[in-house]
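Structural overview for review
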Amino acid sequence: VQLQASGGGLVQAGGSLRLSCAASGRTSTRFVMGWFRQAPGKEREFVAAIRLNGDTSYYADSVQGRFTISGINAQNTAYLQMNSLKPEDTAVYYCAADQTLITSATRRPESYDYWGQGTQVTVSS
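Heads up: these notes are all about the structure in this document. (Residues numbered from 1 in each chain as written. Predicted model: local features only at pLDDT ≥ 70, side-chain atom pairs only at ≥ 80, totals over all residues. Heavy atoms only, no water.)

Now for unusual backbone geometry. A positive phi angle is found at Asp55, which is not glycine, with a value near 65°. Relative to the assigned elements, Asp55 resides in the loop between strand E5 (45-51) and strand E6 (57-59). Among the residues examined, Asp55 registers a relative accessible area of 48% and is labelled partly exposed. (Helix = DSSP H or I, 4+ residues; strand = E, 2+ residues; numbered from the N terminus. Buried < 20%, exposed > 50% of the residue type's maximum accessible area, 1.4 Å probe, protein only.)

Right, dumping it as structure tokens:
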């Protein structure tokens, strides 16, 4: 499975960006797709995840109400709409995918077998 992430960039605080992640290869209709981020000197942290076959979504408290994750099961694609961006959202964002994760596992990066390349998101103050 290969994941291709895109959509990062530079934006002012309060602005918006939309990230995309497309999976190809031996994909599954039961994929869970997640977004994680890593800022310099910090550990990779959970941002959001979605079950493509049911649209159940999960969010980190820090982005709840500002970010929205969505997915298109037939296209094995997930999106992360990021609104009201803050300087502390600055990080490299990674998409990840795996099959049939239990809810508690969706927030742990070690649960995911497949990862895309990172895309830089920079929010200026």
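Here the narrative resumes, following the displayed structure.
Now for the state of the cysteines. A disulfide bridge is the covalent bond that connects two cysteines by way of their sulfur atoms. Taken as a whole and judged by the stated rule, the model has one disulfide. A sulfur-sulfur distance of 2.2 Å marks the disulfide that ties Cys21 to Cys95. The disulfide joining Cys21 to Cys95 has a torsion of about 65° about its S-S bond and is therefore right-handed. You can see Cys21 sitting in strand E3 (residues 17-24) and its partner Cys95 sitting in strand E9 (residues 91-99), a full 74 residues away along the chain. No difference in accessibility class separates Cys21 from Cys95, as the two residues are buried. (Disulfide = S-S within 2.5 Å.)

Time to look at the pattern of salt bridges. Should their charged atoms come close, side chains of opposite charge can pair. Under the definition given, this model contains four salt bridges. For the salt bridge of Arg37 with Asp89, the shortest nitrogen-to-oxygen distance reads 2.9 Å. Of this pair, Arg37 sits in strand E4 (residues 31-38) while Asp89 is found in the loop between strand E8 (77-82) and E9, placing the two residues 52 residues apart along the sequence. Each member of the pair Arg37 and Asp89 is classed as buried. Because the salt bridges share partners, they merge into one network encompassing Arg37, Glu45, Arg66 and Asp89. (Salt bridge = Lys/Arg side-chain N within 4 Å of Asp/Glu carboxyl O.)

Each regular strand displays side chains that alternate between the two surfaces of the sheet. Of the two faces of strand E1 (residues 2-6), only the one carrying Leu3 and Ala5 is buried; Gln2, Gln4 and Ser6 on the other face are not. The pairing of E1 with E3 spans five bridges and is classified as antiparallel. The residue of E3 that forms the bridge with Ser6 is Ser20. (Pairing = 2+ DSSP bridges.)

Looking now at the pairing of E9. Counting buried positions over the nine residues of E9 gives seven, a clear majority of the element. As paired strands, E4 and E9 are joined by eight bridges and run antiparallel to one another. Each residue of the ladder has a partner; that of Val32, found in E9, is Asp98. For E9 and strand E11 (residues 119-124), the ladder comprises three bridges, and the chain directions are antiparallel. Bridge pairing in E11 places Val92 opposite Gln120. Judged from the two bridges that link them, E9 and strand E10 (residues 114-115) form a sheet pairing that is antiparallel.

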